[in-house]
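# Fold and geometry: a report
Chain by chain, the residues:
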Amino acid sequence: MQSDLFALSRPEDLQVRVQPIETTRYPILIVDNVYRHPQAVRDFALSLPYTPLGAGGPGARADLPDTSTIGPLRRLVQQHVGDAYGWPLSTSDAPDPTGTRFHRMRSNADEGPPAVSMPHIDRVMLAGVVYLNLPQQCRGGTKFFRHRATGICEWRVRTAEAVAPSAVSAVMELGFDNDYRQGVLDGRWQDYDELRSMIFHGPEGPPDFMAEGSEDWIQIDAVDMRWNRLICFPGFVFHTSHYDPRWFGSAPGDGRLIQNLLCYWPMAEPPA
């Protein structure tokens, strides 16, 4: 793989903005014209072998084992989210501080049906998406949701190890867990188990990937797909792809194609 494949555009060519996800204080980073060679990145993504996700979700994925090549992308996120919000990313010498993979969805069923994708969270601190569809293919994007009955828009992820206190403090300052604690005080639920039942008991939603919300979910924000656009947001906020299989074809080059960026939670220092 050429070393400059994932080179970013020149600073003067990057179009960067950071804004809160509507009705929250959580930031979403949006960067247009992110890659200097977006067609080369797309061609590389299309050349990879993909593995169907099956029951794990619609479409197929291809992993990129050597994550050192995405250092510039990671530093961009660190600058505009990590540094700006006092929200540290994992240190560069930590195992797998940032991961990346490619994901495609096509209109045919050979990679699993374009099944319903309910609002979900990712088990990472920050989740990123680089849209790699050509301009004429761009439809939909990414949407964010709040659970209608409870008012909750986030979900706590339990990691195998303790998270760095600085990362916990940063998300708490942004309002993380406020709605949960208020619900306990108001007597609407007693603990996370009861809240989990209230949020996750419902049936799967309509086959439009929650394009307009549903009986159980309110759409609170959305970002449109755009060629060579990066978005990065807290993985613990409920979100889903805005996707309709009728928008895309069955050939690999005609499917929905994205690169995922996975910024893991920094772990606490082990006791001396």
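All of the points below concern the structure found in this document. (Residues numbered from 1 in each chain as written. Predicted model: local features only at pLDDT ≥ 70, side-chain atom pairs only at ≥ 80, totals over all residues. Heavy atoms only, no water.)

## Focus: the overall build of the protein
Going by this rule: Secondary structure is summarised from DSSP: a helix means a run of H or I of at least four residues, a strand means a run of E of at least two, and numbering begins at the N terminus for each. Whether a residue is buried, partly exposed or exposed follows from its accessible area with a 1.4 Å probe, protein chains only, as a fraction of its type maximum: under 20%, in between, or over 50%, in that order. Any pair of residues with heavy atoms lying within 4.5 Å of one another is described as a contacting pair. Calculation of accessible area relied on Shrake-Rupley with a 1.4 Å probe; when residues are assessed, cover is drawn exclusively from the protein chains displayed.
Secondary structure summary: the protein contains five helices and 11 strands in total. Among the 272 residues that make up the protein, the fraction classed as buried is 50%. Within the protein, residue pairs in contact and separated by at least 24 positions form 83% of the contacts whose partners lie at least 6 positions apart. Accessible surface, the protein: about 12,900 Å² in total, of which carbon and sulfur atoms supply 50%.

## A short note on the pairing of strand β7 (residues 141-147)
Looking along a regular strand, one sees the side chains alternate between the two faces of the sheet. We apply this condition: Should DSSP find at least two bridges between two strands, the strands are taken to pair.
With seven of seven residues buried, β7 lies mostly within the body of the structure. Where β7 meets strand β8 (residues 217-224), seven bridges bridge the pair, whose relative direction is antiparallel. Bridge pairing links phenylalanine 144 to aspartate 221 in β8. Direction of pairing for β7 relative to strand β10 (residues 239-242): antiparallel, over a ladder of four bridges. The residue of β10 that forms the bridge with glycine 141 is histidine 242.

## Quick word on the packing of aromatic side chains
Let me state the cut-off plainly: Note on ring pairs: Phe, Tyr and Trp rings are taken, using the six-membered ring of Trp, and paired if centres are within 6.5 Å. Classes follow the plane angle, with under 30 degrees stacked, over 60 edge-to-face and the rest tilted.
Counted by the stated rule, this structure contains 14 aromatic pairs. The interplanar angle of 80° and the centroid separation of 5.2 Å between the aromatic rings of tyrosine 26 and phenylalanine 236 together place this pair among those described as edge-to-face. Remark: phenylalanine 236 occurs in the loop between β9 (229-234) and β10 and tyrosine 26 occurs in the loop between β1 (15-20) and β2 (27-32); sequence separation between them is 210 residues. Across the pair, exposure class does not vary: tyrosine 26 and phenylalanine 236 are buried alike. With centroids separated by 4.8 Å and ring planes inclined at 70°, the aromatic side chains of phenylalanine 176 and phenylalanine 236 adopt a geometry described as edge-to-face.

## A short note on the nonpolar core
The test is simple: Among buried residues, the Ala, Val, Leu, Ile, Met, Phe, Trp, Tyr and Cys ones that are joined through side-chain atoms within 4.5 Å form a nonpolar core.
Judged by nonpolar contacts, the single largest core of 63 residues is most densely connected at Phe6, Val34, Leu73, Val77, Trp87, Phe102 and Leu126. The residues touching valine 77, leaving out its near neighbours within four places in the chain, are Leu29, Gly82, Leu89, Leu126, Cys232, Leu261 and Cys263. In terms of nonpolar packing, the next biggest core, distinct from the first, is built from 10 residues, Trp155, Tyr180, Trp189 and Leu195 among them.

## Looking at a nonpolar patch on the surface
Threshold: Patch definition: residues above 30% relative accessible area lacking any salt bridge, with like charges linked at up to 9 Å and the nonpolar side chains Val, Leu, Ile, Met, Phe, Trp and Tyr linked at up to 5 Å. Any Lys or Arg side-chain nitrogen located within 4 Å of an Asp or Glu carboxyl oxygen qualifies as a salt bridge.
A surface patch of nonpolar side chains, about 200 Å² in accessible area, is lined by Val16, Val18 and Tyr85. Position of valine 16 among the secondary structure elements: in strand β1. Of the residues examined, valine 16 reaches a relative accessible area of 34% and is grouped as partly exposed.

## Points about the sheet that holds β10
To be explicit about the condition: All axes here are fitted lines through C-alpha atoms, helices being fitted over the stretch that makes contact, and every angle between N-to-C directions spans 0 to 180 degrees.
If you walk across this open sheet you meet the three strands as β8-β7-β10, and the pairing is antiparallel. Here the strands that pair on one side only, and so sit at the sheet edges, are β8 and β10. Adjacent strand axes in the sheet meet at a mean angle of 30° when their direction is disregarded.

## With respect to the sheet that holds β1
With antiparallel pairing, eight strands are arranged side by side in an open sheet as β1-β2-β9-β6-β11-β5-β4-β3. Looking at the sheet topology across the chains shown, the edges are occupied by β1 and β3 (51-52). In the packing of helix α1 (residues 38-47) onto the sheet, the strands contacted are β5 (98-105) and β11 (256-263), and the crossing angle to β11 comes to about 95°. Across the sheet, helix α2 (residues 71-83) is in contact with β1, β2, β5, β6 (126-131), β9 and β11; its angle to β2 comes to roughly 130°.

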